[in-house]
Amino acid sequence: MERNDFRTEFVRSPGALRDHPALVLNADYRPLSYYPLSLWSWQEAIKAAWLDRVDIVAEYDHWVRSPSTEIRIPSVIVLKDYVQPQKRVAFTRFNLFLRDEFRCQYCGTRGDLTFDHVVPRAAGGITSWENVVAACSPCNLRKGSKSLRRAGMSLRKPPRAPASAELRNMGRKFPPNHLHESWLDFLYWDAELEA
């Protein structure tokens, strides 16, 4: 499985985002999340604008018409009320894969990922950030319920709990398949410049 296939697995309704999705920004003009990118369907964006919950910052060159109204489809919207970002990172399969950059932590390959307990559960290992890593199926089968030393394997980097900001920045490395030109100014304006 390639990285691109992950993009739709973790989105509420990926089919609704195929045509004219709207980038959703927090009140501070930063995306609510980078990966998966905070996107709403055009229907959700128009409804939120109609209910005065968002401001429209940029629009597509397409219109939605009803018998009494014409509305340009929003491409970038900003929430009127600031949503406090979560400080605690949820321990989920998606966040684990994102922390490990969608790579097997034993061989470095991408795709066909599962997760593996570094210290096997049979040996008292617990399911935690510090003991679970992304692993491809062949490496996971090879290691089985053995220790790293007994399996003759090593980790690319030691597993640890990521900070919320660290995971958000990691998400920037994985832009979605489609980046509308109106989104670019809002996605990377606060990224550190390279020398």
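What counts and what doesn't
- Residue positions within a chain follow its written sequence, with the count starting from 1.
- With pLDDT at 70 or above as the cut-off, local features in this predicted model cover only qualifying residues; side-chain atom pairs require 80 or more to be listed or tallied, and sums for whole chains, interfaces and linings still use all residues.
- Neither water nor hydrogens contribute to the side-chain values; these are computed over all heavy atoms in the structure.
- Put simply, DSSP marks the helices as runs of H or I at least four residues long and the strands as runs of E at least two long, and each gets a number from the N terminus on.
- The buried label goes to any residue with under 20% of its type's maximum accessible area, the exposed label to any with over 50%, and the partly exposed label to all in between, with areas taken from a 1.4 Å probe on protein chains only.
- Contacts are assigned to residue pairs that have any heavy atoms within 4.5 Å of one another.
- Shrake-Rupley sampling with a 1.4 Å probe provides the accessible areas, and residues are treated as covered by the protein chains on show and by no other component.
- In this description, one arc is meant: the one made by directions from the helix axis to the C-beta atoms.
- Note on aromatic contacts: the rings of Phe and Tyr and the six-membered ring of Trp form a pair at centre separations within 6.5 Å, being stacked when their planes are under 30 degrees apart, edge-to-face when over 60 apart, and tilted otherwise.
- Known as pLDDT, the predictor's per-residue confidence is scaled from 0 to 100.
- The rule for pairing is simple: two strands pair if DSSP sees at least two bridges between them.

A.B. asks: Which parts of the structure should I look at to understand the overall build of the chain?
C.D. replies: On a plain count of helices and strands, the chain comes out with seven helices and six strands. In sequence order, the chain lays out its α and β elements as α-β-β-α-β-β-α-β-β-α-α-α-α. Counting every position in the chain, which comprises 195 residues, the buried fraction comes to 38%. In the chain, once contacts between residues fewer than 6 apart in sequence are set aside, the share between residues at least 24 apart is 62%. For the chain, the exposed surface amounts to about 11700 Å²; the carbon and sulfur share of it is 51%.

A.B. asks: Help me understand the environment of asparagine 169, please; the structure alone is not making it clear to me.
C.D. replies: Mapped onto the fold, asparagine 169 is located in helix α6 (residues 164–171). A sequence separation of 136 residues divides asparagine 169 from serine 33, and the C-alpha atoms of the two residues are 9.6 Å apart.

A.B. asks: Help me understand α6, please; the structure alone is not making it clear to me.
C.D. replies: Along an α-helix, a turn takes 3.6 residues, which lines up residues three or four apart on a common side. Looking only at α6, the buried set comprises Ser164, Leu167, Met170 and Gly171. Here the buried residues of α6 occupy an arc of 125 degrees about the axis, which is enough to place them on one side. On its buried side, α6 packs onto α3 (93–99).

A.B. asks: Looking at this model, I keep getting lost on the packing of aromatic side chains. Mind explaining?
C.D. replies: Given two aromatic rings, their pairing is described by the distance between the two centres and the angle made by the two planes. With the rule as written, the count across this model stands at three aromatic pairs. On the basis of an interplanar angle of 70 degrees and a centroid distance of 5.0 Å, the ring pair of phenylalanine 91 and tryptophan 129 is categorised as edge-to-face. Of this pair, phenylalanine 91 sits in the loop between β4 (70–79) and α3 while tryptophan 129 sits in the loop between β5 (113–117) and β6 (132–136), placing them 38 residues apart in sequence. In this structure phenylalanine 91 comes out as partly exposed when scored by relative accessible area, which is 33%. In textbook terms, an aromatic cluster arises when at least three aromatic residues are bridged by ring pairs, as seen for Phe94, Phe97 and Phe102.

A.B. asks: Help me understand the confidence of the model for the chain, please; the structure alone is not making it clear to me.
C.D. replies: Reading fine detail from the predicted coordinates is not recommended where pLDDT is low. In the predicted model, the chain carries a mean pLDDT of 84, and the fraction of residues at 70 or more is 84%. Confidence, read as mean pLDDT per element, is least for helix α1 (residues 6–9) in the chain (42) and greatest for β6 (97).

A.B. asks: Would you explain the sheet that holds strand β3 (residues 54–65) in this entry?
C.D. replies: Hydrogen bonds between backbone atoms are what pair the strands of a sheet, whose relative direction is either parallel or antiparallel. Spatially, β2-β1-β4-β3 is the arrangement adopted by the four strands of the open sheet, whose pairing is mixed. Two strands bound the open sheet, and with one partner strand each, they are β2 (39–40) and β3. Pairing between strand β1 (residues 22–25) and β4: three bridges, direction parallel. Following the sheet pairing, valine 24 is matched in β4 by isoleucine 77.

A.B. asks: Please explain the pairing of β1 as it appears in this structure.
C.D. replies: Within a regular strand, the side chains alternate between the two sheet faces. Alternating positions in β1 separate into two faces, Ala22 and Val24 on one and Leu23 and Leu25 on the other, with burial throughout. As paired strands, β1 and β2 are joined by two bridges and run antiparallel to one another. From the neighbouring strand, leucine 23 faces β2, where its bridge partner is leucine 39.

A.B. asks: What is the right way to look at unusual backbone geometry in this model?
C.D. replies: Glycine aside, residues mostly have negative phi, and peptide bonds are mostly found in the trans state. With a phi close to 70 degrees, tyrosine 29 is a non-glycine residue in the positive phi region. Position of tyrosine 29 among the secondary structure elements: in the loop between β1 and β2. The residue phenylalanine 102 is not glycine, and still its phi comes out positive at about 55 degrees. Summarising the element assignment, phenylalanine 102 is placed in the loop between α3 and β5. A relative accessible area of 1% places phenylalanine 102 in the buried class.

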